[in-house]
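Chain residues, written in single-letter form:
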Amino acid sequence: MPSAEGTDTIAAVATPAGRGGIGIVRVSGPKTAHIAHALTGGTPEPGKVRYGPFRNAAGDLLDKGIVLYFRAPRSYTGEDVLELHGHGGPVVMQALLGAVLDAGARLAEPGEYTRRAFLNGRLDLAQAEAVADLIDAASHAAARSALRSLAGEFSAAIGALVAGLTELRALTEATLDFPEEELDPLHRSDAGARLVRLRGALEDALARSRQGSLLRSGVQVVLAGRPNVGKSSLLNRLAGEERAIVTPVPGTTRDALREPVQIDGVPILLVDTAGLRDSRDEVERLGMQRTEREMARADVVLVVLEAGILQAPDQAVPEGARQLRVINKIDLLPEARPGRSGDEVRVSAKTGAGLDALRAAILEAAGWQAHGESVFLARERHLRALARAREHLEAAAGRVSQWELFAEELRLAQEALGEITGQVSADELLGEIFSRFCIGK
Ligand SMILES: Nc1nc2c(ncn2[C@@H]2O[C@H](COP(=O)(O)OP(=O)(O)OP(=O)(O)O)[C@@H](O)[C@H]2O)c(=O)[nH]1
Ligand SMILES: [Mg+2]
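All of these numbers come straight from a predicted model, not from anything done at the bench.

Draft legend 1. Highlighting the side chain of D272. Looking at the secondary structure, you find D272 in strand β9 (residues 266–272). Among buried Asp, Glu, Lys and Arg side chains, D272 stands out as unpaired, with K231 the closest opposite charge at 5.7 Å. There is a polar contact of 2.5 Å between the side chain of D272 and the side chain of S232.

Here's what the structure looks like:
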């Protein structure tokens, strides 16, 4: 269960490195009021904004700025928190931080503020992760989804599942105490029905989380094919600007070129590659090796072919990647129609015909279904926990007449779900999660 750990006071520059109008040094812990006094010469009032000079122990003026003070537990970390808003230059910030450290704080570790917020019960683990995800969000859709997790929507869905499991366990354990009770057959069908409902709710949470994990980590889409089929032209079309060099000379692209784009808010990393063919040119061959490496990492491979020629590269698309056949240059064939049939999309990079169908096909191949506002920006860790809970519920479904085993599977499912919000969490797990934050968060 969350509880306060270290009683030392931490400090860090909370704004990004570099120069800006404002820079903030944040302090959290028991010595905060003392440090505020040391730098500003007064005891700050909680919740009040004050403007004044910041000085070091020798009395030198370091900067003038705004002081914000939050008293425990009504602060981000749940401890006393001080924010010194000064001028955002690296020298000023280092001087302020130095004075704060001299006054008794130590430098915060990555993610330590949010870790304290979790340990003091201000946030659960899924919410704490959402803080990092919101900051790292690569699209508006990802940011909105992280914000919903931060507001507790994901945790609430997990909490509802846990509550359902707790009820079912309580019922089951009551039956274990009275094995001969008449109520048993009744209870059995009730338990069965409850389990079916819980499994449905878990499937739903898992589906929404899978979608969200696409938003969080993005999708890698590789354009591959023989030289001159129009891979770079397609990349430029999808990116909406001339990023890759396009020429009529086969073998133009030598190196893999990455371009982040968004399709319906889903972050997509497009990778243009060197065309695949037999070549004696050393540079081109190195380029082709890269193409194969990129294909091995791809979520979706677009195998681009030229209309009328339809010659595919000899290299196979690796297993695990979804593949779409993209017939380009259909403007050259008067009878060809843009659009999609199955895993084949007909387009023209030149005219833009069929590009919307291609975008839709990419999203579908990546596993995206528009869930509107309700996807959870889940992490791999959450998906694994949900999948484990699902296995235990499945095992429980096969044990509806062996109550002890049934109860045990329910307990294990609940434990897996508890890891998501941090109700059950080992120290290593916390270390692993928070060490990926940057300092000052
Ligand atoms: N008519 C027509 N020409 C196209 C189309 N797409 C590309 N081209 C032309 O085809 C030639 C090759 O295009 P690129 O985009 O460089 O082809 P690539 O597949 O990237 O070629 P490499 O980098 O050499 O492997 C250029 O002259 C393009 O203008 C299209 O849809 N229609
Ligand atoms: Mg090219």
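Further notes follow.
Draft legend 2. Structural view of the site of ligand 1. Around ligand 1, the structure places 23 residues, and the nearest of them are K231, S233, G251, T252 and D331. S348 places a polar side-chain atom, nitrogen or oxygen, 3.3 Å from an oxygen atom of ligand 1. One nitrogen or oxygen atom from the main chain of A349 is found 2.9 Å from an oxygen atom belonging to ligand 1. Protein chains shield 88% of the accessible area of ligand 1, which is 650 Å² for the free molecule. Sort the elements by how many residues they give to the shell around ligand 1 and helix α8 (residues 231–239) lands first, with three residues. Of the residues belonging to the shell around ligand 1, the class tally is eight nonpolar, 11 polar and four charged.

Draft legend 3. Molecular detail of unusual backbone geometry. In this chain, A72 is followed by P73 through a cis amide linkage whose omega measures 0°. Mapping P73 onto the fold places it in the loop between β4 (61–70) and β5 (81–88). Backbone geometry at N228 places phi at a positive 75°, although glycine is not the residue there. Inspection of the secondary structure assignment puts N228 in the loop between β7 (219–225) and α8. Of note in the backbone geometry, L310 takes a positive phi value of approximately 55° without being a glycine. Mapped onto the secondary structure, L310 falls in the loop between β10 (300–306) and β11 (322–328). A relative accessible area of 44% means that L310 is categorised as partly exposed.

Calculation rules
Residues numbered from 1 in each chain as written. Chains lettered and ligands numbered in written order. Predicted model: local features only at pLDDT ≥ 70, side-chain atom pairs only at ≥ 80, totals over all residues. Heavy atoms only, no water. Helix = DSSP H or I, 4+ residues; strand = E, 2+ residues; numbered from the N terminus. Buried < 20%, exposed > 50% of the residue type's maximum accessible area, 1.4 Å probe, protein only. Lys, Arg positive; Asp, Glu negative; His and termini not counted. Salt bridge = Lys/Arg side-chain N within 4 Å of Asp/Glu carboxyl O. Polar contact = N/O pair within 3.5 Å; in protein donor to acceptor, adjacent residues only side chain to side chain. Near = heavy atom within 4 Å. Areas by Shrake-Rupley, 256 points an atom, 1.4 Å probe, with all protein chains shown as cover. Nonpolar A, V, L, I, M, F, W, Y, C, P; charged D, E, K, R; others polar.

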